Every structure is written in C-alpha cells, then in structure tokens.
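Overview (structure and organization)
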Amino acid sequence: MPGFVRPPGRCRGAVLIMVLWTTVVMTIMVTVLAANVRLSATTAWHNRTGSEDLAGQLSTLHKAEMELIMERMPPPPDLPMDLDDEGMQRIPAYRFNGQALNLHYSTDEDWVVRIHDHAGKINLNRIPRGNLRQIIEKRLGPDPDPARVDELLAAWTDWTDLNDQPEPGGAEDDYYQSLDPPYRARNNPELDSVEELRLIRGFDALFEDFNLEAAFTIYGSGRRVNLNLASREAMQLLPGLEDEAIERILAYREQRDFRNRSEVGRVVPLEQLAELSPWIGNNTSSYYTVQVHPRPESGEEDSEDAPPVRQAYRLILEVRSPVERARVLQAHPVAPLPDITPPEVELDLNAPGSLF
C-alpha cells in the first residue's frame, strides 16, 4: 500500500533474530574448527610420542643384540670379575635368564631390556614321548586320568608323525577338517611355532591361560633345561618341582650359580631332585628371546596400585658368531611377558638351616 511504513519494532525484531542466528552459526563453526584443531594437535602429539617410543624400543633392541654378539667375544683381560659370596666367579651367560639387564652399551632409561636364553625352556621339537607324558600328567593335576593322558599323547603323535592314519584316541585330517575354521594336521615332527601346540586336539584346553612362549621353544637341539636360565613357567612344568622349590631356585640363583646337581640339591628336596634330575643340565644355546618394555614410573615398582607390566616388544634371535649380525627368527611388537615377579622367599645362603 502506497505510503505504508513498517512499524519500527518489527524491523528491530527481524534484525535481532538475524544477529542471533548468525551468532549461533558462527559459534558452531568456531567450536567445530576448534575441535578439529585440537584433534589434529592430539593426533600429532600421539604420532610423535609413538614414533619416539618405537625409536627407543628399536635402539634398545639393537643394543641388546650387540650384547649377545659381545658375549661370544673373548672378555677383555682387565674386565673385573663378578664374584659370589663364596668368591666363585659368576658365569656371565647365566645373566640371560629374563632378569632386567644393564647392557654394556647404555640404553635409554625409559626402557627395560630382558634377554632369555632358550636353554631355559623346554624344546617341543626335541621332547621325548615319556617327558611329554610327565608334562601332561602335571598339567592335569593330582591323579590324572590315564585314558585322558593317552588321548593327548595320541593326538600329539598324529600331529607330528609322517602319516595320516590316526592312533586310537588321536586325531588326523578328518577331525581337523571338521572344525571351524578347518585346517590340516602337520604330519611333521618339526613345529613351526610354539603356539602351534594349541592347534593339536585337546592341548588348547590343557594349556588354557598359560604362557606357552615363556615355557617352550622350538629352536636348537638341546633337550635339557638349565635351571640358571629357566623361566618360572618352564619350571612349573618340570616333574619334581613344586611352587616352594621353584621360588627357592629363583632366590638361590640371584646370589649364586648352579654348577652341578648337588648344588640344586641344596634347595630342592632329595625325593624331588630324583624326579627332576633327568630334565636338567648346564647347557646354553645360541637362541634368545629379547624383550623391551617401558620402565615403570619412579616409585611404582613398590606400589600396590601400580599397573603391572604385562607386554613387551619381543624378538627371537639366533646369534652364531661375534663377527656377524644376529638372525631374526620372530618379531612381535606386543607380546606377553613371562612371569617376572621377584622370588617369594629370601635365602640367607650362609645361615644354618636355610638350605636343604
């Protein structure tokens, strides 16, 4: 209508609404942009931290490899001897028993390195049938069912023999092909990995919640376990060793080396030693598991609330010579650690009555 003028109040209301909408939109845009910037900064920080952690891990692993290579070199003539409380020289190779190490090449203080000689593990590719029976019986507990033991032994034999004819109670391709997913029996005496043991009928249940890598190896030709190097998990499978004796072995070897069976008899009762004796020796090997994990924060080691370290970057190495690089056999960036808790007993080796 000619001459019509919109009331001033309505114009001011429309302008106010537009300003409010513009403010809301701008606020949303600024919030989204800020969130994107924050996410990008957080991602960049995590990437940088991850890269630095990986570099620290790899550097420590390389220095651990050098430690193993140096072990095969003649010691310097002026190297001070590490003596026990009896004045006997400690055997340097026995320090590779999974304990936290100080390497000759200094490492980043943020990382802990552990080296485990496979002479402290049970060799699955060299285990006699009778020894496997003893392990099975110990895992099944007191008074194991003989029929169950025979079934597990038959399944092992069918997995590792060269034919496809099942033994009574055993399993060949007909059984494994019926599983989901299906797979074939190995039919070869050489396992490709320790975890392959879980593929054999009945063995996954037998070793439920058990760290196989800590107890077993598939490398080397040795059949005996060196108690100076043995993991707690391996000792838990050895006949004649109960928990109390295992803790005494761990405590003893922190102070002295086992050089013969009579010294083992100082911490293991005679009746247990008779059963254990065929399993143990003083051998070492050229195969090692190297594990690197973050060092706990200062003071956390003694705190009940501190989260335990359970995983590490793991390499399995073969070290043949002081003049060539180690051969990497396996690599696992996030592998479970063996049981690294300190011994649950303390031994005063010079006190009367502290030893058997």
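All of these numbers come straight from a predicted model, not from anything done at the bench.

Details of the packing of aromatic side chains
A full pass over the atoms with the stated rule returns 10 aromatic pairs. Here Phe-207 and Phe-210 contribute two aromatic rings whose centre-to-centre distance is 5.7 Å and whose plane-to-plane angle is 50°, an arrangement assigned as tilted. Residue Phe-207 is classed as buried on the basis of its relative accessible area of 2%. What links up through ring pairs into an aromatic cluster is the set Trp-159, Tyr-175, Tyr-176 and Tyr-183. One Lys or Arg, Arg-201, reaches over the ring of Tyr-175 and ends 4.5 Å from the middle of that ring.

As for helix α3 (residues 146-160)
With 15 residues, α3 should reach 21 Å at 1.5 Å per residue; the first-to-last C-alpha distance of 21 Å fits that figure. Considered for burial, the residues of α3 that qualify are Val-149, Leu-152, Leu-153, Ala-154, Ala-155, Trp-156, Thr-157, Asp-158, Trp-159 and Thr-160. Where α3 is buried, its residues meet α2 (129-140), α4 (173-176) and α5 (203-206). The backbone nitrogen of Ala-147 lies 3.1 Å from a side-chain oxygen of the residue at the head of α3, namely Asp-145.

Looking at the packing of α2 against α3
Packing of α2 against α3 leaves a shortest axis separation of 10 Å and a crossing angle of 135°. Considered as vectors, α2 and α3 are oriented oblique to each other. As α2 runs across α3, the sense of the crossing is right-handed. Contact residues: α2 offers Arg-129, Leu-132, Arg-133, Ile-136, Glu-137 and Leu-140, while α3 offers Arg-148, Val-149, Asp-150, Leu-152, Leu-153, Ala-154, Trp-156 and Thr-157.

Let's talk about the pattern of salt bridges
Here the structure, examined in full by the defined rule, presents 18 salt bridges. When the shortest N-O distance is used, the salt bridge between Glu-151 and Arg-148 registers 3.3 Å. With Glu-151 and Arg-148 both in helix α3 and three residues apart, this pair spans about one turn of that helix. Linked by salt bridges that have partners in common, Glu-67, Glu-71 and Arg-95 make up one network.

Observations concerning the sheet that holds strand β6 (residues 311-318)
The strand order across the open sheet formed by five strands is β1-β2-β5-β6-β7, and the pairing between neighbours is antiparallel. What marks the edges here is a single partner per strand, and that holds for β1 (97-100) and β7 (327-336). Sheet twist, expressed as the mean angle between neighbouring strand axes with direction ignored, is 20°.

Comments concerning a negative patch on the surface
A cluster of like negative charges, contributed by Asp-53, Asp-108, Glu-109, Asp-110 and Glu-297, occupies part of the molecular surface. Along the chain, the position of Glu-109 falls in the loop between β1 and β2 (111-117). What makes Glu-109 exposed here is its relative accessible area of 66%.

Observations regarding a nonpolar patch on the surface
Together, Ile-17, Trp-21, Val-24, Val-25, Met-26, Ile-28, Met-29 and Val-32 line one region of the surface with nonpolar side chains, adding up to about 790 Å² of accessible area. Along the chain, the position of Trp-21 falls in helix α1 (residues 8-71). For Trp-21, a relative accessible area of 60% corresponds to the exposed category.

As for the confidence of the model for the chain
Mean pLDDT over the chain: 88, with 88% of residues reaching 70 or higher. Scored below 50 in pLDDT, residues 299-303 makes two contacts in the model with residues more than four places away or belonging to other chains.

Regarding the environment of Asp-53
Examined against the element boundaries, Asp-53 turns out to sit in helix α1. You can call Asp-53 partly exposed: its relative accessible area is 36%. Along the backbone, Asp-53 and Asp-110 are 57 residues apart, and their C-alpha atoms lie at a distance of 9.2 Å.

Here we look at the side chain of Glu-233
Among the structural elements, Glu-233 can be located in helix α7 (residues 232-237). We note that Glu-233 is buried and unpaired, the nearest opposite charge coming from Arg-232 at a distance of 6.5 Å. Contact partners of Glu-233, with chain neighbours within four places excluded, come to Phe-210, Asn-211, Ala-214, Ala-215, Pro-338 and Asp-339.

About the cut-offs
- Residues numbered from 1 in each chain as written.
- Predicted model: local features only at pLDDT ≥ 70, side-chain atom pairs only at ≥ 80, totals over all residues.
- Heavy atoms only, no water.
- Phe/Tyr/Trp six-rings, centres within 6.5 Å; stacked < 30°, edge-to-face > 60°.
- Buried < 20%, exposed > 50% of the residue type's maximum accessible area, 1.4 Å probe, protein only.
- Lys NZ or Arg CZ within 6 Å of the ring centre and 35° of its normal.
- Helix = DSSP H or I, 4+ residues; strand = E, 2+ residues; numbered from the N terminus.
- Expected span 1.5 Å × (residues − 1).
- Contact = heavy atoms within 4.5 Å.
- Polar contact = N/O pair within 3.5 Å; in protein donor to acceptor, adjacent residues only side chain to side chain.
- Axes fitted to C-alpha atoms, helices over the stretch in contact; angles between N-to-C directions.
- Parallel < 35°, antiparallel > 145°, perpendicular 65-115°, else oblique.
- Left-handed = near helix turned anticlockwise from the far one by under 90°.
- Salt bridge = Lys/Arg side-chain N within 4 Å of Asp/Glu carboxyl O.
- Pairing = 2+ DSSP bridges.
- Patch = residues over 30% accessible without salt bridge, like charges linked within 9 Å, V, L, I, M, F, W, Y side chains within 5 Å.
- Areas by Shrake-Rupley, 256 points an atom, 1.4 Å probe, with all protein chains shown as cover.
- Lys, Arg positive; Asp, Glu negative; His and termini not counted.
- Charge placed at Lys NZ, Arg CZ, Asp CG, Glu CD.
- pLDDT = per-residue confidence, 0-100.

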